[in-house]
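# Structural description and commentary
Listed below are the residues making up each chain.
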Amino acid sequence: MNTVATHHSRFGVAPTTMVYAAGIRKSYGNLQVLKGVDLTVPVGSVACIIGPSGSGKSTFLRCINHLEEINGGLLLVDGDFVGYRLEDNKLHELPPSAICKRRAEIGMVFQQFNLFPHLTVLENLIEAPIRVRKEPAAKATAKAMALLDRVGLADKRHAFPKQLSGGQQQRVAIARALAMSPKVLLFDEPTSALDPELVGEVLEVMKDLAKEGITMIVVTHEIGFAREVADQLIFMDGGIVVESGDPRKMIASPKSPRTKEFLARVL
Amino acid sequence: MTVKEEGRQQIDPNTLTVVPLRHPWRLTAVVLVVVGVLLIVRSAIFNPNFQWPVVATYLFNPLIMNGLGQTISLTFIVMVLAIVGGTIAALMMLSPSKLLSIPAMAFVWLFRGTPALVQLILWYNLSLVIKNFSLWIPGYGTVFSVSTNDVMTPMVAAVVALSLHESGYMAEIVRGGLKSVNRGQGEAAACLGMSPGLSLRRIILPQAMRMIIPPTGNETINLLKTTSLVSIIAVGDLLYSAQSIYARTFETMPLLLVVTFWYLAVVSVMSVAQYYLERYYSRDETRHQGGALALVWKNVFRFRKNEVVA
Ligand SMILES: Nc1ncnc2c1ncn2[C@@H]1O[C@H](COP(=O)(O)OP(=O)(O)OP(=O)(O)O)[C@@H](O)[C@H]1O
Ligand SMILES: [Mg+2]
């Protein structure tokens, strides 16, 4: 199905790797935010990223789908670059249309939901499949209804986003991302803008997705969720990955003193 | 506390009623205004100098109708050009490239900063400084050449001057609308694989519209009235047609009343259209009650929100 020649073998990356990041660097002017981030996320696994505010978690996530351009390092999603094409050992920047195509395979869920307020719930879900993937309306609608059913909001299909609670909006946002059948889903603090009593319903949906084997990278402050669902836990601080590994082991006995200090604060 | 204080009456909360505060001064003011309006209307009706029968005969005069048509089509053409030009200028102003944003800002500064009347006369007199428009390609020669006098007819000068002037205002309106849309909307669209153009058309502009429509409606109404300036350079608009009649017949007042009537009529129609447009672009807001006429009616006779006058 994938006709794009992948660079798995070329860079010695296992074909079962969905996201491969090595030495990712990113600066805003003089401020270096990412100072060489390494991360490997296998297909079907869940990676949770934790870390103090300003450590570069969001920036890293936004580099994965090329919302931000990286200044250095190697970043492959499903064995290929997102914003570039490799030719003659040089990275050529892709035109916007090609970047869009690659981005459509990488779903993203935001802290602020970012639902389209002028469209109904159903329209939010079918907009991109119809306009970007050129799916027939009937097929897109059927798929959208199935997804809404899955997040328990089928009866809200004709509501506008602002008529929904925060938790409901975030579940719609997750369904909207899934409507493009992405290869990997990125979550940037999906529950941080929610009232405490609404956090659970969103985490439940995410746990279901993890069980179904969807590859996810989740920036979160919900240590309990990470312990229960994540296959690997990544602790970022100061623009690097300080420690990563099995979440239960890492939470129980962190190796780095910085991890220990951070976990003591949030637990 | 079960202790009952002495001297306190037993009150049944179900029988309590509220006596509204009277507003005697407001009532007085209303009476004064009504009497004043009646006096003015009466003097206008019974003053023979207004020549109401003459007004009636000219109301649908072919020359007036033709002028009205010119005024409406000029407004329409200029507004369409201004919306296109203003949107382009707004997109350029918001571009990260200084090569695009600075010329656009200069354009807005230039055409919004000079009076419409001055620009109108300037464009009309363009032939004084530029004699010919010609396209010359090196090695090929002159492709075409026309004399400015032939191109700059009064109507063309009017369209050019007014659309440039109006573009300046529209650019600012569109820019404000685009900036009012949350940045996350564009990012969410991009993450779904939408191209910048698609995202602009389907996600950003529809949301910006809600901020853009009301001031654009006001601009169109303003423009309709501004077009009366073109009578200065002999474009046969509504005012010019009326002037050309009363220059002959000296029925100045009745003809100006005819003009006033038509401007008011068109503005009223445009206000209703604007109402429906606004409602369409805010369909996710709570739905309005009743139709446009009900709203006009309610607004006309509303003394204070949710309150009947004393
Ligand atoms: N567009 C930008 N321009 C300049 N600096 C930025 C930009 N985006 C982020 N930064 C800076 O980069 C650093 C890392 O930001 P980032 O949002 O990635 O942190 P974070 O780990 O997600 O923090 P939080 O937990 O608060 O979301 C911060 O110091 C921030 O000020
Ligand atoms: Mg963040």
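Residues numbered from 1 in each chain as written. Chains lettered and ligands numbered in written order. Predicted model: local features only at pLDDT ≥ 70, side-chain atom pairs only at ≥ 80, totals over all residues. Heavy atoms only, no water.

### Some details on the packing of aromatic side chains
Counted according to the given criterion, the structure contains 6 aromatic pairs over all chains. Seen in terms of ring centroids, Phe 50 of chain B and Trp 52 of chain B are 5.9 Å apart; in terms of plane orientation they differ by 5°. Their pairing is stacked. Of the residues examined, Trp 52 of chain B reaches a relative accessible area of 36% and is grouped as partly exposed. Geometrically, the ring pair formed by Tyr 275 of chain B and Tyr 276 of chain B is edge-to-face, given 5.2 Å between the ring centres and 75° between the ring planes. The structure contains a cluster of three or more aromatic residues connected by ring pairs, namely Phe 60, Phe 261 and Trp 262 of chain B. Sitting over the ring of Phe 116 of chain A, Arg 176 of chain A keeps its end group 4.4 Å from the ring centre. When the ring centre of Tyr 169 of chain B is taken as reference, the NZ or CZ atom of Arg 112 of chain B above it lies at 5.9 Å. (Phe/Tyr/Trp six-rings, centres within 6.5 Å; stacked < 30°, edge-to-face > 60°. Buried < 20%, exposed > 50% of the residue type's maximum accessible area, 1.4 Å probe, protein only. Lys NZ or Arg CZ within 6 Å of the ring centre and 35° of its normal.)

### Some words on the confidence of the model for chain B
Residues and elements named next belong to chain B. Per-residue confidence for chain B gives a mean pLDDT of 86; residues scoring 70 or more make up 88%. Low confidence marks residues 298-310, where pLDDT is under 50. Its contacts with residues over four positions away, or in another chain, come to 7 contacts. Interface confidence for the predicted complex, expressed as ipTM, amounts to 0.91; the pTM equals 0.80. (pLDDT = per-residue confidence, 0-100. Contact = heavy atoms within 4.5 Å.)

### Quick word on the site of ligand 1
Residue and element names in this part refer to chain A. The local shell around ligand 1 consists of Tyr 28, Leu 31, Val 33, Pro 52, Ser 53, Gly 54, Ser 55, Gly 56, Lys 57, Ser 58, Thr 59 and Glu 189. Contact distances for ligand 1 include 2.6 Å between an oxygen atom and a side-chain N or O atom of Ser 58. For ligand 1, whose free accessible area comes to 640 Å², the fraction covered by protein is 60%. Residue assignment for the shell around ligand 1 shows that the elements contributing at least two residues are strand E2 (31-42) and helix H1 (57-64). No other element matches the 3 residues that H1 contributes to the shell around ligand 1. (Near = heavy atom within 4 Å. Polar contact = N/O pair within 3.5 Å; in protein donor to acceptor, adjacent residues only side chain to side chain. Areas by Shrake-Rupley, 256 points an atom, 1.4 Å probe, with all protein chains shown as cover. Helix = DSSP H or I, 4+ residues; strand = E, 2+ residues; numbered from the N terminus.)

### Quick look at the pattern of salt bridges
Residues and elements named next belong to chain A. Overall, the coordinates contain 19 salt bridges over all chains when judged by the stated rule. Linking Glu 105 and Lys 183 is a salt bridge whose minimum nitrogen-to-oxygen distance equals 3.6 Å. In this pair, Glu 105 is assigned in the loop between helix H2 (96-103) and strand E7 (106-109) and Lys 183 in the loop between helix H5 (166-178) and strand E8 (184-188), connecting sequence segments 78 residues apart. The partner of Arg 171 in a salt bridge is Glu 201, and the shortest N-O contact between them spans 2.4 Å. (Salt bridge = Lys/Arg side-chain N within 4 Å of Asp/Glu carboxyl O.)

### Description of the pairing of strand E1 (residues 132-137) of chain B
Residues in a regular strand project their side chains so that they alternate between the two faces of the sheet. Residues and elements named next belong to chain B. Here 6 bridges tie E1 to strand E2 (residues 141-147), and the two strands are oriented antiparallel to one another. Bridge assignment links Leu 135 to a residue of E2, and that residue is Phe 144. Taken together, E1 and the strand that follows it, E2, pair antiparallel across an intervening segment of 3 residues, in which Gly 139 is found at a positive phi of about 85°. (Pairing = 2+ DSSP bridges.)

### What to know about the environment of Thr 28 of chain B
Following the sequence through the fold, Thr 28 of chain B ends up in helix H1 (residues 24-46). Residues Thr 28 of chain B and Ile 212 of chain B, 184 residues apart in the sequence, show an inter-C-alpha distance of 41 Å.

### Section: the interface of chain A and chain B
Taken together, the contacts link 26 residues of chain A with 23 residues of chain B. Interface area for chain A against chain B, summed over the two sides, is near 2200 Å², with a carbon-plus-sulfur share of 60%. Seen at the junction of chain A and chain B, the total is 2 salt bridges. Between Glu 187 of chain B and Arg 62 of chain A there is a salt bridge, with its nearest N and O atoms 2.8 Å apart. Summed over the shared surface of chain A and chain B, the number is 6 residue pairs in polar contact (both at pLDDT 80 or more). (Buried area = accessible area lost by both parts, 1.4 Å probe.)

### Overview of the side chain of Lys 57 of chain A
Within the secondary structure, Lys 57 of chain A is located in helix H1. In contact with Lys 57 of chain A, not counting residues within four places along its chain, are Ile 49, Ile 50, Gly 51, Pro 52, Glu 189, Val 219 and Met 236 of chain A.

### Some thoughts on the state of the cysteines
Applying the stated rule across the entire model yields 0 disulfides over all chains. Distance from the sulfur of Cys 48 of chain A, which forms no disulfide, to the nearest cysteine sulfur (Cys 191 of chain B) is 19 Å. Owing to a relative accessible area of 0%, Cys 48 of chain A belongs among the buried residues under this scheme. With no disulfide of its own, Cys 191 of chain B lies closest to Cys 100 of chain A among cysteine sulfurs, the gap being 10 Å. (Disulfide = S-S within 2.5 Å.)

### Section: the pairing of E7 of chain A
Residue and element names in this part refer to chain A. A two-sided burial pattern is seen for E7, the buried positions comprising Ile 106 and Met 108 on one face and Gly 107 and Val 109 on the other. Pairing of E7 with E8 involves 4 bridges; the strand directions are parallel. Bridge pairing in E8 links Val 109 to Phe 187.

### Quick notes on unusual backbone geometry
Phi is positive for Ser 181 of chain A, which is not a glycine, with a value near 45°. Summarising the element assignment, Ser 181 of chain A is placed in the loop between H5 and E8. In this structure, Ala 234 of chain B takes a positive phi of about 65° despite not being glycine. Positionally, Ala 234 of chain B belongs in the loop between helix H9 (196-226) and helix H10 (238-249).

### What about the sheet that holds strand E4 (residues 72-77) of chain A?
Residue and element names in this part refer to chain A. Strand order in the open sheet made by the 3 strands is E2-E1-E4, with antiparallel pairing throughout. With partners counted over all chains shown, the strands left at the sheet margins are E2 and E4, one partner each. Adjacent strand axes in the sheet meet at a mean angle of 15° when their direction is disregarded. Pairing of strand E1 (residues 17-28) with E4 involves 5 bridges; the strand directions are antiparallel. The residue of E4 that forms the bridge with Ala 21 is Leu 75. (Axes fitted to C-alpha atoms, helices over the stretch in contact; angles between N-to-C directions.)

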